Every structure is written in C-alpha cells, then in structure tokens.
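Coordinate inspection notes
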Amino acid sequence: MRVIFMGTPDFATALLKELCARGHEIAAVYSQPPRPAGRGMSEKKSSVHQFAESKGLLVRTPKSLRSPEEQAAFRALQADVAVVAAYGLLLPQPILDAPKHGCLNLHGSLLPRWRGAAPIQRAIMAGDKESGVEVMKMDAGLDTGPVALTAKTPIGPDMTAGELHDRLAELGAPLMADALDLLAKGELRFTPQPEEGDCYAAKIDKAEARIDWRRPAQALHDHVRGLTPFPGAFFEGDLGHGVERVKVLRTQVEAGKGAPGTILDEAGLIACGDGALRLLRVQRAGKGEMAIEEFLRGRKLAKGAVLG
C-alpha cells in the first residue's frame, strides 16, 4: 500500500515504525512544524519528524492544509490511503477525499465514548475502567466515522495517562497495520458508531490542573492520574520556604476527615471533600519527580495547616 502518514507525538511514532517494519511504501510523512522547546526555546522537531528523517522519508510540516496549493501537493502523492494518528490539524474535505481509500484514523479511545483532543486523559479523569484504540474511517465530523477494528485494555485503579498512552500505542500500531493488510485485500469492513453515549474530550486546559481539595478523594485521585505526567495536577502552599507550587504525580485514597485542604498528618495525608488523599510522588518547580519522603526532608507539611 502507498501510504501518506500523518502524526506528531510518540503515540504516532510507534505506528509509523510498525508500518515501515511491515514494508508499506510511505509516500510522505506529515507532522506539526517544529516548536520552540526547552530552556533555550530552540525549535524542536516532533517525534514523528525525527524518526521519519532517520529513515530518509519525505517530511512535510504545513501549518494548515486549507490552501489549494497544499491540497494539490497532497493529491499529487497519489496515495492509496492516509493513516492519521494524533496529527494535530483538522483535515478539510479535499484532503479526506484525496487518497484512493480515504483517511484512516487510529483513535485513542473506545468510540463514541470520548471524541476530541484528549481522550486518554479524559477517560482516566472520569474514572473509566476500560479504554482502547480503534481504526476509524475519517469523515467531516469530529471522530464520527465508522469503525473497522478495535483493541481494548483495562484501566487499572492507579494507571496514569502516561501509562495508558504507552499501552494504547503498543496496541494501536499492529492494529492499524492489520487494517492496512485487510484493506489491501479488500476485506476491511466498517460499522457505524452508536448514536448514543458520546462525550467530548476537550483539550486539557492548564488552569484545570489546580487541585480543588473540596472534591472527593477518589475524584482527585483520578484527576491526578489523568494529568500525569503532563501537565501535572498541582497545589500551592507555604511549605516553610514561602508559597510554592508542587505537582502531584502519584496518590492514594485513604480514610480521613477534615476541612478540605487540611494536612492530617506530617506524611502527606490531605483532607478532601469526602475522604483523604495521600501524596506519594511529587515534583517541585525546577526539580525532578521524587517520593513524598524525600520531598519532606526539605519541605514541611505541617499537621493542621491548610493548603490553598
């Protein structure tokens, strides 16, 4: 199959590696343009971009696909199919229509449960017990196209978004490669999505990462898991060196009562709206992730104090 590949982060890189390993002809790779990153804010190429260049593949990084020129360049590749995974740009109809067999998307949720930009994070934040990846044929709607193949996985009670991301990437790469094999044989079949049960997985807003201790402990545990490793749920408080922001990366739900935000012991147990949350792993600004025991050697969570 002659394939146009469209993707940007690590989730998509695993799939591109699989397609290359199975011998598919990659006509071109589309990825988001390099972005300023790091302390020096130098431009950094995406994970997909870097891998594609290492394989000598043609890489294109348009800021938009809406211009007639970009659409003509896309059509000129004469692809059998386009494979899309976390690309980051909406595909206008002329792009969807250009490949012989259209555009197939590897979607990181069980449709129609989570449609939108952040299905992995939202599934965990909502306390879902199961997720998966699906091969979907793209149409003009937002993740509304018919589904061909599905691979499911449980979401463990302490699984983070980062861990689920890696599991779905592991499942998704061979799933899409299998779909292309079936497509080449004319055996790929699609089923329309159910009309009910859809939720919108909105892009994560950094403002919502702040921990609201008035919420139940279980909801906050899921909130922390869904935002780990990025952007990271956080709280602010005076821990003996002035007010500072602390990211919370691992927690445990425990019994405990008190006004929301009250520190219940000196080992990181915080009262919530219902129950309490034990801090297990945290990160100070400019520092690496650490266990709560290491954190408390340099900062103090004084019993009875209240966090903001």
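What you see is a predicted model; the values in this text were computed from it and never measured.

1. Digging into the UniProt feature "binding site: (6S)-5,6,7,8-tetrahydrofolate" (unreviewed entry) in the chain
Summarizing the sequence annotation, UniProt attributes the feature "binding site: (6S)-5,6,7,8-tetrahydrofolate" (unreviewed entry) to Ser-109, Leu-110, Leu-111 and Pro-112 in the numbering used throughout. Considering the arrangement of structural elements, one finds Ser-109 in the loop between β7 (103–107) and β8 (115–116). Take Ser-109: its relative accessible area is 1%, and that puts it in the buried class. Look past the residues within four positions of Ser-109 in its chain and what remains in contact with it is Trp-114, Pro-119, Ser-131, Gly-132, Val-133 and Glu-134. Here His-107 takes part through its side chain, which lies 3.0 Å from a polar atom of the side chain of Ser-109.

2. A few points about the nonpolar core
Core analysis: the biggest nonpolar cluster contains 43 residues, and Phe-5, Leu-15, Leu-16 and Leu-19 have the highest contact counts within it. It is helix α6 (residues 161–184) that contributes the most residues to this core, 12 residues altogether. Sequence-distant contacts of Leu-19, that is, excluding residues within four places in its chain, are made with Val-3, Phe-5, His-24, Ile-26, Val-83, Ala-177 and Leu-180. By size, the runner-up hydrophobic cluster in this structure holds 27 residues, among which are Ala-209, Trp-213, Val-224 and Val-282.

3. Quick word on the pairing of strand β6 (residues 81–85)
In terms of burial, β6 is a largely internal element, 5 of the 5 residues being buried. Both faces of β6 are covered, namely the face carrying Val-81, Val-83 and Ala-85 and the face carrying Ala-82 and Val-84. Sheet topology note: the strand β1 (residues 2–7)/β6 ladder contains 5 bridges and is parallel. Bridging across to β6, Phe-5 finds its partner in Val-83. As judged from the 3 bridges shared by β6 and β7, these two strands associate in the parallel manner. Directly across from Val-84, in β7, lies its bridge partner Asn-105.

4. Details of helix α2 (residues 47–54)
Of all the residues in α2, the buried ones are Val-48, His-49, Phe-51 and Ala-52. Two residues or fewer after α2 comes Gly-56, characterised by a positive phi angle close to 75 degrees.

5. A word on the side chain of Asp-222
You can see Asp-222 is positioned in helix α7 (residues 217–226). Each residue touching Asp-222, except ones within four places of it in the same chain, is listed here: Ile-124, Met-125 and Gly-127.

6. Side note on unusual backbone geometry
Of note, the amide linkage connecting Leu-111 to Pro-112 takes the cis form, showing an omega dihedral of 5 degrees. Along the chain, Pro-112 falls in the loop between β7 and β8. In this chain, Thr-228 is followed by Pro-229 through a cis amide linkage whose omega measures 10 degrees. Within the secondary structure layout, Pro-229 lies in the loop between α7 and β12 (233–238). The backbone of Gln-78 sits at a positive phi, close to 50 degrees, despite the residue not being glycine.

7. With respect to the sheet that holds β1
Strand order in this open sheet of 7 strands is β5-β2-β1-β6-β7-β9-β10, and the pairing throughout is mixed. At either margin of the open sheet sits one strand with a lone partner, and together these are β5 (59–60) and β10 (147–154). α6 contacts β1, β6, β7, β9 (130–137) and β10 of the sheet and is inclined by roughly 155 degrees relative to β10.

8. Notes on the packing of helix α1 (residues 10–21) against α2
At their nearest, the axes of α1 and α2 sit 8 Å apart, and the two run at 25 degrees to each other. On the basis of the axis angle, α1 is roughly parallel to α2. In terms of crossing hand, the pair formed by α1 and α2 is right-handed. Every residue of α2 that contacts α1 at Asp-10, Ala-12, Thr-13, Leu-16, Lys-17 and Cys-20 is listed here: Ser-47, Val-48, Phe-51 and Ala-52. Class assignment of the residues belonging to the contact of α1 with α2 gives a composition of 6 nonpolar, 2 polar and 2 charged.

9. Focus: the packing of aromatic side chains
As enumerated under the stated definition, the model contains 2 aromatic pairs in all. On the numbers, 6.1 Å between centres and 55 degrees between planes, the contact of Trp-213 with Phe-235 is tilted. Of this pair, Trp-213 sits in the loop between β11 (200–201) and α7 while Phe-235 sits in strand β12, placing them 22 residues apart in sequence. Overall, Trp-213 belongs to the buried group, its relative accessible area being 3%. Across the ring face of Phe-234, the terminal group of Arg-245 is positioned such that the distance to the ring centre comes to 3.8 Å.

10. A short note on the environment of Gln-121
One can find Gln-121 in helix α5 (residues 119–125). Since its relative accessible area comes to 22%, Gln-121 is described here as partly exposed. Taking the C-alpha atoms as reference, Gln-121 lies 10.0 Å from Gly-108; in sequence the two are 13 residues apart.

About the criteria used
- Residues numbered from 1 in each chain as written.
- Predicted model: local features only at pLDDT ≥ 70, side-chain atom pairs only at ≥ 80, totals over all residues.
- Heavy atoms only, no water.
- UniProt positions renumbered as here; feature names shortened; annotations may be inferred.
- Helix = DSSP H or I, 4+ residues; strand = E, 2+ residues; numbered from the N terminus.
- Buried < 20%, exposed > 50% of the residue type's maximum accessible area, 1.4 Å probe, protein only.
- Contact = heavy atoms within 4.5 Å.
- Polar contact = N/O pair within 3.5 Å; in protein donor to acceptor, adjacent residues only side chain to side chain.
- Core = buried A, V, L, I, M, F, W, Y, C linked by side-chain atoms within 4.5 Å.
- Pairing = 2+ DSSP bridges.
- Axes fitted to C-alpha atoms, helices over the stretch in contact; angles between N-to-C directions.
- Parallel < 35°, antiparallel > 145°, perpendicular 65-115°, else oblique.
- Left-handed = near helix turned anticlockwise from the far one by under 90°.
- Nonpolar A, V, L, I, M, F, W, Y, C, P; charged D, E, K, R; others polar.
- Phe/Tyr/Trp six-rings, centres within 6.5 Å; stacked < 30°, edge-to-face > 60°.
- Lys NZ or Arg CZ within 6 Å of the ring centre and 35° of its normal.

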